[in-house]
Each structure stands twice: as C-alpha cells, then as structure tokens.
Amino acid sequence: MTTQTSSTNPLVLDALRVAVPDGETERVLLERVDLAVAPGEVVVLTGGSGSGKSTLLAITGLLRRTDSGDVVIAGESTAKASEKRRSAIRGSQIGIIYQSANLISSLTAREQLEVVYHIAGKKRSEARLRAADLLEIVGLGHRMDALPQHLSGGERQRVGVARSLMSNPSVLLADEPTASLDPSLSADIARLIADEAHKRGLAALLVTHDDAPLEVADRHVHLERGRLSELADVGN
Ligand SMILES: Nc1ncnc2c1ncn2[C@@H]1O[C@H](COP(=O)(O)OP(=O)(O)O)[C@@H](O)[C@H]1O
Ligand SMILES: [Mg+2]
C-alpha cells in the first residue's frame with residue numbers, strides 16, 4: 001500500500017488517546033493510535049478481550065469522543081465538530097454493522113433498510129427501490145417481506161450488511177460481525193462485507209474475535225496495551 005494523504009483516505013485516525021477511570025487512577029485504553037484506511041481497503045482489527053477494540057470502533061464511528069487526537073472522515077476533521085455535525089457525518093459517511101444485526105423486531109427486512117432513508121429525510125419511493133436493490137445484492141431478494149423472527153442468523157446479518165450500505169457511506173465499520181454465526185456462515189458474511197467494500201471503494205474496519213474476517217483482510221492490525229501495530233500475516 002502506497003502512502004496517501006489524509007484527504008484521499010476516507011478514514012484516518014490521528015493520534016487517538018483515551019483513558020478510562022480505573023479505581024483511584026485511570027487506565028490508558030488507547031495511546032497514539034494512528035490508522036489510515038484507503039478506499040476499497042479492508043482492515044481487520046484484532047486484540048484480546050477488554051483491549052479496547054469496541055471503544056476504538058465507537059470512536060471511529062463518532063459514537064464516542066476521543067480524549068485527544070482526531071478522527072478524519074472523508075477529509076473532514078471531527079474532533080472539534082458539534083454533536084449535530086458528527087451525527088450528520090455519521091449518517092451520510094459511515095455504515096455500521098453490529099454483532100447481532102440489531103434489527104427492529106416489528107419491521108420487515110425491507111423496512112429495516114427504508115428506516116435509514118426515512119431518518120435521512122429522503123423520498124419513500126427512492127428508499128423502497130434502494131432497499132430492494134441492496135437486499136437483492138446480499139442474496140435476500142426473496143425474503144424482503146420477512147420479519148426478523150422468520151430469518152436465520154445468517155439472513156439477519158445479511159440484512160444488517162445491506163442496511164449499512166443504505167446511506168451510500170464511504171466508511172464501513174463492523175464490531176465482531178460474525179461472532180454470533182457458525183463458522184461456514186461467518187466466512188460467507190465476511191466475504192460479503194469485503195466484496196461490497198472492494199466493489200464500492202469503501203474504507204472498511206472490521207473488529208474480530210474469530211478467523212473468518214482475517215481471511216478476507218487486506219491488512220491486519222492488532223491492539224495491545226493501548227497501541228495499534230501492523231501484522232504482516234495477510235494480503236501481499
Ligand atoms: N467509559 C468507560 N469507563 C470505564 N471503563 C471503560 C469505559 N469504556 C470502556 N471501558 C473499559 O475499557 C475496556 C475495553 O473495553 P472494550 O473497548 O469494550 O474492549 P474490547 O471490545 O476489546 O473487548 C474494558 O475493560 C471496559 O470495561
Ligand atoms: Mg468488544
């Protein structure tokens with residue numbers, strides 16, 4: 001990977017530092033964390049339980065603020081941005097896939113996706129078409145009207161992947177997206193996420209505990225004692 005400037009990378013983490021209260025003192029969870037993810041690049045993040053992976057992903061997704069440093073999304077600095085602006089950037093630039101899909105039980109697969117457009121204030125007819133297209137792409141064209149309770153775990157996660165793409169983001173984030181699936185389904189979902197990231201030129205950051213996402217990674221970074229290091233065990 002050639003070195004690129006922050007303006008060409010959809011996702012740049014710049015010198016993040018986060019400390020959390022720990023009894024009388026504090027525990028440094030992230031320290032001097034730097035990362036740049038290029039368009040169409042799939043970076044997989046590993047680390048032991050409690051190492052700060054979810055915290056790092058929440059900060060990257062603008063769901064939580066860093067103590068110092070910056071998260072630059074599509075060239076825009078977010079550290080000093082208002083909550084309103086951060087929320088707008090999240091809505092338009094960042095797609096998030098959760099561990100257990102986080103679907104709304106009363107909505108059909110198609111409606112789960114339409115809700116994203118509704119929140120963004122877009123036209124209903126446009127939302128319906130885009131939702132149908134995306135569900136087709138993730139292999140659920142025949143399950144569009146199904147409620148979550150009638151979908152398998154793998155199908156629910158496919159809906160989660162499709163939903164993350166609704167806003168046409170430039171950054172895709174996933175916190176253990178395959179953790180609740182059995183190994184063969186995990187591989188399918190990891191492959192689907194990587195394929196969509198490659199095809200759409202999304203900067204993807206996937207946190208994982210299991211091996212499936214590592215098999216589709218372009219790069220592997222590891223979080224330990226607050227520091228992020230690059231491992232050379234994937235890609236070329
Ligand atoms: N706001 C907070 N206050 C206190 N402790 C926190 C806070 N946020 C995270 N932690 C702690 O930081 C550690 C890392 O959490 P997390 O990011 O969820 O790790 P991982 O996802 O790698 O398992 C955990 O021990 C957690 O309890
Ligand atoms: Mg976690």
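A few points on the structure.

Conventions adopted
Per chain, residue numbering runs from 1 following the sequence as it is written. Think of it this way: whatever chain is written first is A, whatever ligand is written first is 1, and the rest follow in order. Confidence filtering applies because this is a predicted model: local features only for residues at pLDDT of at least 70, side-chain atom pairs given and counted only at 80 or more, and all residues used for totals across whole chains, interfaces and linings. Two strands pair under a simple rule: DSSP has to find at least two bridges between them. Numbering of helices and strands runs from the N terminus; a helix is a DSSP stretch of H or I covering at least four residues, while a strand is a stretch of E covering at least two. By convention here, the C-beta atom is placed from the backbone, and a residue is near a molecule or strand when that atom is within 6 Å of it. All residues other than Ala, Val, Leu, Ile, Met, Phe, Trp, Tyr, Cys, Pro, Asp, Glu, Lys and Arg, Gly among them, are scored as polar; the first ten of these are nonpolar and the last four charged. Multiplying 1.5 Å by the helix residue count minus one yields the expected span of that helix. Each residue is classed by its C-beta neighbour count within 10 Å, where at least 20 other C-beta atoms makes it buried, 12 or fewer makes it exposed, and intermediate counts make it partly exposed; the C-beta atoms are placed from backbone geometry. Axis lines are fitted through C-alpha atoms, for helices just across the contact stretch, and the angle between N-to-C directions can take any value from 0 to 180 degrees. We call two residues in contact when their backbone-placed C-beta atoms lie within 7 Å. Note that the arc is computed from the directions linking the helix axis to the C-beta atoms.

Within a sheet, neighbouring strands are paired by backbone hydrogen bonds and run either parallel or antiparallel to one another. An order of β2-β1-β4-β5 is seen for the four strands of this open sheet, with the pairing classed as antiparallel. Edge strands, defined here as strands with exactly one partner in the open sheet, are β2 (25-37) and β5 (76-77). Where strand β1 (residues 11-22) lies against strand β4 (residues 68-73), five bridges are found, and the strand directions are antiparallel. What sits directly across from L11, in β4, is I73.

Residues in close proximity to ligand 1 include V20, P21, L29, G47, S49, G50, S51, G52, K53, S54 and T55, which together make up its full environment. Those elements giving two or more residues to the shell around ligand 1 turn out to be β1 and α1 (53-60). Residues belonging to the shell around ligand 1 are distributed by class as follows: three nonpolar, seven polar and one charged.

The first and last C-alpha atoms of helix α5 (residues 153-165) sit 19 Å apart over 13 residues, in line with the 18 Å expected at 1.5 Å per residue. Most of α5 sits inside the fold, with ten of its 13 residues counted as buried. Every buried residue belonging to α5 is among R156, Q157, R158, V159, G160, V161, A162, R163, S164 and L165, and all of these are buried.

This brings us to the sheet that holds strand β8 (residues 203-207). Taken together, the six strands give an open sheet; going across it, the order is β6-β7-β8-β3-β9-β10, and neighbouring strands pair in mixed fashion. Only two strands of the sheet have a single partner each, and these edge strands are β6 (94-97) and β10 (227-231). Within the sheet, the average angular offset between the axes of one strand and its neighbour, ignoring direction, is 20°. Here strand β7 (residues 171-175) runs beside β8; their pairing, made up of five bridges, is parallel. Bridge pairing links L173 to L205 in β8. Contacting β6 and β7, α5 crosses the sheet at an angle of about 170° to β6.

Over its 14 residues, helix α4 (residues 124-137) runs 20 Å from end to end, which matches the ideal 20 Å to within 8%, given 1.5 Å per residue. Looking only at α4, the buried set comprises A127, R130, A131, L134 and L135. Projected down its long axis, α4 carries its buried residues within an arc of 130°, all on one side. In this structure, α4 carries S125, E126 and L129 as exposed residues pointing more than 90 degrees from its buried face. Following α4 by one or two positions, G139 adopts a phi angle in the positive range, close to 85°.

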